[in-house]
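# Inside the fold
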Amino acid sequence: MSFEEMWAALEPVGRRPDGGYDRFSWTGPELECRAWFLDEARARDLEVERDANGNLFAWWLPESGERGDAVLTGSHLDSVPGGGAFDGPLGVVSAFAAVDALRAEGFAPGRPVGIAAFAEEEGARFGVACLGSRLLAGAIDPARARSLTDGDGRAFAEVVAAHDLDPDRIGPDEDLLGRIGCYVELHVEQGRALEVPVGVAGAIIPHGRWRLDFAGEGNHAGTTLLRDRRDPMLPFAHAVLAAREAAERHDSVATVGKVHLVPGGVNAIPSLVTAWLDSRGPDDAAVRATVRDVHEAALRAGADHRVAVTLAEESYTEIVDFNTALRDRIAALLGGAPVLPTGAGHDAGILSARVPTAMLFVRNPTGVSHAPAESAERDDCLAGVRALAAVLKDLARG
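Here we summarise the structure given alongside this text. (Residues numbered from 1 in each chain as written. Predicted model: local features only at pLDDT ≥ 70, side-chain atom pairs only at ≥ 80, totals over all residues. Heavy atoms only, no water.)

## Looking at the state of the cysteines
Following the criterion strictly, the structure yields zero disulfides and no others. Here cysteine 130 is not cross-linked by a disulfide; its sulfur's nearest cysteine counterpart is in cysteine 33, at 17 Å. (Disulfide = S-S within 2.5 Å.)

## Some points on unusual backbone geometry
The peptide bond linking valine 262 to proline 263 adopts the cis configuration, its omega dihedral lying at 5 degrees. Structurally, proline 263 can be placed in the loop between strand 9 (253-262) and strand 10 (268-269). For tryptophan 26, which is not a glycine, the phi torsion comes out positive at approximately 60 degrees. With respect to the helices and strands, tryptophan 26 occurs in the loop between helix 1 (3-10) and helix 2 (28-43). (Helix = DSSP H or I, 4+ residues; strand = E, 2+ residues; numbered from the N terminus.)

## Quick look at the environment of valine 159
For valine 159, the position within the fold is in helix 6 (residues 156-161). Residue valine 159 is classed as buried on the basis of its relative accessible area of 2%. Once residues lying within four places of it in the same chain are set aside, the contact partners of valine 159 are Trp26, Arg125, Phe126 and Arg154. (Buried < 20%, exposed > 50% of the residue type's maximum accessible area, 1.4 Å probe, protein only. Contact = heavy atoms within 4.5 Å.)

## Focus on the nonpolar core
The biggest cluster of nonpolar side chains holds 57 residues, and the ones touching the most others in it are Phe3, Trp36, Phe37, Leu90, Phe96 and Leu360. In terms of residues, this core owes the most to one element, helix 12 (residues 378-395), which gives 10 residues. With sequence-adjacent residues up to four places away left out, tryptophan 36 is seen in contact with Met6, Ala9, Leu10, Leu77, Val92, Val93 and Phe96. Grouped together as the second largest cluster of nonpolar side chains are 25 residues, Phe118, Leu136, Leu194 and Phe361 included. (Core = buried A, V, L, I, M, F, W, Y, C linked by side-chain atoms within 4.5 Å.)

## Things to note about the sheet that holds strand 11 (residues 272-280)
Taking strand neighbours across the sheet as the criterion, the four strands line up as 9-11-7-12 in an open arrangement whose pairing is antiparallel. Each having just a single partner strand, strand 9 and strand 12 (308-317) make up the two edges of the open sheet. Ignoring which end each strand starts from, the neighbouring axes of this sheet average 15 degrees apart. Summarising the sheet, strand 7 (residues 207-215) and strand 12 pair through nine bridges and their orientation is antiparallel. By the bridge assignment for strand 12, glycine 208 is matched with tyrosine 316. Each of strand 7, strand 9 and strand 11 touches helix 8 (residues 233-249); the most contacted strand, strand 9, lies at about 170 degrees to it. Contacts between helix 9 (residues 284-304) and the sheet are confined to strand 7, strand 9, strand 11 and strand 12, with strand 12 contributing the most and set at about 165 degrees to the helix. (Pairing = 2+ DSSP bridges. Axes fitted to C-alpha atoms, helices over the stretch in contact; angles between N-to-C directions.)

These results come straight from atomic positions and should not be treated as a statement about function.
Here it is as structure tokens:
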């Protein structure tokens, strides 16, 4: 199938009326995307593999049958709530299209070429981004992963067990990691710095997620006097404002994009507010200072309103400088493609601690990501396929 045909097959899966996508891990739409991946792999006679963490792989093996020192590419198929069409799937569709292009010209790889679809990259269901690659690389304790819960209270262990994965076997896979010589991920640009169709990633800035709990006292909205209230919404509101102020102060970014109220009634003072803070910045010190300032502001407001405040770090990734030799090789191969940093996390960033990794970016004319307006022009996508095919050809010669 051509790039356009593969894209058309995926485009309606999990699409909302507003044009956004809900493809949460191990729900109907994401399972349909997984089935699509397996169908595309088998249609090309690629060897299919699913690891113990739910990550999918399709392998194009050399005539020698060699399985080590593989060149891996791909991305993910899950989405954030109401996300865009390109974040993740563009890298997977482009990987199949690049393999097709190489086969069409008669290229025979000297090293295995793999296509990956990593599980729960967005963390939209279980709260930890890049969960599949973190488990594979040993970047998260399997016991912690098993205990993660979704919005309905279902544990990660329960969900994967329902899909024929053994929760007791999740975690690092040294054999699989040992077979990967390098990983190159193609992704839509999540900004609009690119002025040409394709660029190369230089680094991923530090980023993390924190959970804030504000525990007050539930009560009646109409009969409870203001002086008697222990309303957790008030210190929560202070924390949201503090996040913006701290980000400006430390040249970082900070976002409160998810909040949960208990009990959630219009006529009830909440007993508990749980909010999630996302912060990213140019260096570790800036991010840590931002989160510290938010926490201190929340504690002060909590004391004023007799509300208990706790902060817990759910995930954190230090700055990722992609493999210099691999990055420079790819940039030169692509005729001096621009090299740019990114504020978005990726599976490539997690795997970089274990194998050489690099990333290609395809231009995004709107600069919007994680929203329906995320986009990439057809010609730029095809330029991305050609660039990825050239990279795979160069790296997989053997």
